[in-house]
Amino acid sequence: MLEGAIAVHIDAKAVRLREGDCLDFDVMRAVIFENETKQDARYVIIVRRGASYGKM
């Protein structure tokens, strides 16, 4: 999180992030990013290819 705060809903669990926080999770799940405040929020998303990429 660069600025502000957001809630990240991963499946049925919510994680709240504030400035300076970082989160690593499996992007192959149901994910929702939600700004629960009226303040702007800025964040960076980095998607990386894991060891199991392309394997079923």
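Conventions used here
- Residues numbered from 1 in each chain as written.
- Predicted model: local features only at pLDDT ≥ 70, side-chain atom pairs only at ≥ 80, totals over all residues.
- Heavy atoms only, no water.
- Salt bridge = Lys/Arg side-chain N within 4 Å of Asp/Glu carboxyl O.
- Helix = DSSP H or I, 4+ residues; strand = E, 2+ residues; numbered from the N terminus.
- Buried < 20%, exposed > 50% of the residue type's maximum accessible area, 1.4 Å probe, protein only.
- Core = buried A, V, L, I, M, F, W, Y, C linked by side-chain atoms within 4.5 Å.
- Contact = heavy atoms within 4.5 Å.
- Phe/Tyr/Trp six-rings, centres within 6.5 Å; stacked < 30°, edge-to-face > 60°.

Asks: An account of the pattern of salt bridges is requested, with residue identities and associated values reported.
Replies: Under the criterion given, the structure shown has four salt bridges. For Arg29, the salt bridge goes to Asp11, with nearest N and O atoms at 2.9 Å. A residue pair is termed long-range when its members are at least 10 positions apart, and Arg29 in the loop between strand S2 (13-18) and strand S3 (31-34) and Asp11 in the loop between strand S1 (5-10) and S2 qualify at 18 residues. Between Glu36 and Arg16 there is a salt bridge whose closest N-O contact spans 3.1 Å. Taken together, the positions of Glu36 in the segment after S3 and Arg16 in strand S2 put the pair 20 residues apart, joining distant regions of the chain. Residue Glu36 is classed as partly exposed on the basis of its relative accessible area, which comes to 44%.

Asks: With reference to specific residues and values, describe the nonpolar core.
Replies: Grouped together as the largest cluster of nonpolar side chains are five residues: Met1, Ile6, Val8, Ile10 and Leu17. In terms of residues, this core owes the most to one element, S1, which gives three residues. Residues in contact with Ile6, not counting those within four places in the same chain, are Met1, Val15, Arg16, Leu17, Phe33, Glu34, Asn35, Ala41 and Tyr43.

Asks: Break down unusual backbone geometry for me, citing the residues and quoting the values.
Replies: With phi around 55 degrees, Asp11 is a residue other than glycine that occupies positive phi space. The partly exposed category is assigned to Asp11, whose relative accessible area is 45%.

Asks: Break down the environment of Gly20 for me, with residues and values.
Replies: Its location among the elements puts Gly20 in the loop between S2 and S3. Here Gly20 falls in the exposed class, since its relative accessible area comes to 64%.

Asks: Can you explain the packing of aromatic side chains? Please cite residues and give values.
Replies: Applying the stated criterion across every chain, the model contains one aromatic pair. Relative to Tyr43, the ring of Phe33 has its centre 5.6 Å away and its plane inclined at 15 degrees; by these criteria the two rings are stacked. Here the residue Phe33 occupies a position in strand S3, and Tyr43 occupies one in the segment after S3, the gap between them amounting to ten residues. Relative accessible area serves as the criterion here: at 34%, Phe33 is assigned to the partly exposed category. Given a relative accessible area of 35%, Tyr43 falls into the partly exposed group.

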